[in-house]
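Understanding the architecture of this molecule
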Amino acid sequence: MTWTDWVRGAEVEPSLYGADFAHLGDQVDALLDADCRVFHFDVGDGHFIEPITMGPIVLQSITPQVHARGGAMDVHLMVESPAKYFEPVKKAGGDSVTFHFEAVDDVGATIAAARAQGLQAGVAFNPETSPDDVAAVASEADIVLCMSIHPGYSGQPFQEAAFGRVARLRELLPERVHIQVDGGVGDANIRELHANGATLLVAASSIFAAGDPPGAYRSLVQALG
Ligand code: DX5
Ligand code: ZN
């Protein structure tokens, strides 16, 4: 399965980093009931980003229920040496891995290493990295992730510069490459991000900080227009 199979025009992706981990499986099920298809799973190693977040052991506890309902697991690796985690992520049921431009020497070889594991491949980049530099080496990727916050923590404010950076990426990348945005995405910006070319909209706080995550997910889907 590929991103082409998963994406229904555009997808709002709940970022499980914002979930209530005492009720993770139930929250995932409730979002699947709300017709959510792709979940975003943030791995942080305490080196590339400050916090240690979660890894394959947590991932494998939820991928069966996601796959049983036709869903997919999009794994965002905010780690150094990302390629060494491709095999464990695949074994834990991950479907796609996104590694950071800033964390590798050879983007093309790292995309190929993800594909060799049967994974879809994404390239992420931080707010201080030029979208032109990323687009120059990421045209073979399935998705390119424009961070609209500095990676590390959920709940940071959206950086408005992301609007222009998404539009620039859309000009530069082949049409088949999906553009994803992650960080501070919510009702106030989701429509403009989509209009500028983003088709994958990641959201933690604006879904899980709400009292009703499935309702918040649905309202973001509606806001896409
Ligand atoms: C943090 C992660 C994000 C995070 C987004 O760097 O990559 O996916 O969970 O959280 P919000 O939507 O709250 O900015
Ligand atoms: Zn993320």
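Residues numbered from 1 in each chain as written. Chains lettered and ligands numbered in written order. Predicted model: local features only at pLDDT ≥ 70, side-chain atom pairs only at ≥ 80, totals over all residues. Heavy atoms only, no water.

What to know about the site of ligand 1
Close to ligand 1 lie 20 residues; G152, S154, D182, G184 and S205 are nearest. Here an oxygen atom of ligand 1 sits 2.9 Å away from a polar atom, N or O, in the side chain of D42. The contact in question runs from an oxygen atom of ligand 1 to an N or O atom on the backbone of A204, over 2.8 Å. Coverage of ligand 1 by the protein chains reaches 99% of its 380 Å² of free accessible surface. Residue composition of the shell around ligand 1, by class: nine nonpolar, nine polar and two charged. (Near = heavy atom within 4 Å. Polar contact = N/O pair within 3.5 Å; in protein donor to acceptor, adjacent residues only side chain to side chain. Areas by Shrake-Rupley, 256 points an atom, 1.4 Å probe, with all protein chains shown as cover. Nonpolar A, V, L, I, M, F, W, Y, C, P; charged D, E, K, R; others polar.)

A short note on the nonpolar core
In this structure, L16, F39, F41, M73, V75 and L193 are the most contacted members of the largest nonpolar core, which totals 62 residues. Apart from residues lying up to four places away in sequence, F41 is in contact with L16, M54, G55, V58, L59, I62, M73, D74, V75 and H76. By size, the runner-up hydrophobic cluster in this structure holds seven residues, among which are W3, V7, A72 and I143. (Core = buried A, V, L, I, M, F, W, Y, C linked by side-chain atoms within 4.5 Å. Buried < 20%, exposed > 50% of the residue type's maximum accessible area, 1.4 Å probe, protein only. Contact = heavy atoms within 4.5 Å.)

Considerations on unusual backbone geometry
Despite not being glycine, D35 shows a phi value in the positive range, around 80°. Not every positive phi belongs to a glycine, and S81 is a case in point at roughly 45°. Topologically, S81 is positioned in the loop between β3 (72-78) and α4 (86-91). (Helix = DSSP H or I, 4+ residues; strand = E, 2+ residues; numbered from the N terminus.)

Observations regarding the coordination of the zinc ion (ligand 2)
At 2.1 to 2.3 Å from the zinc ion (ligand 2) lie its protein donor atoms, namely H40 (NE2), D42 (OD), H76 (ND1) and D182 (OD). What the six donor atoms of the zinc ion (ligand 2) show is an angle range of 73 to 174° at the metal, which sorts the shape as octahedral. Donor residues binding the zinc ion (ligand 2) come from one chain and are separated in sequence as H-x1-D-x33-H-x105-D. Of the two residues, D42 is situated in strand β2 (residues 38-44) and H76 in strand β3; the sequence distance between them amounts to 34 residues. (Donors = N, O, S within 2.8 Å, 3.2 Å for Na, K, Ca; no water. Tetrahedral: all angles 85-135°; square planar, octahedral: opposite > 155°, others 65-115°.)

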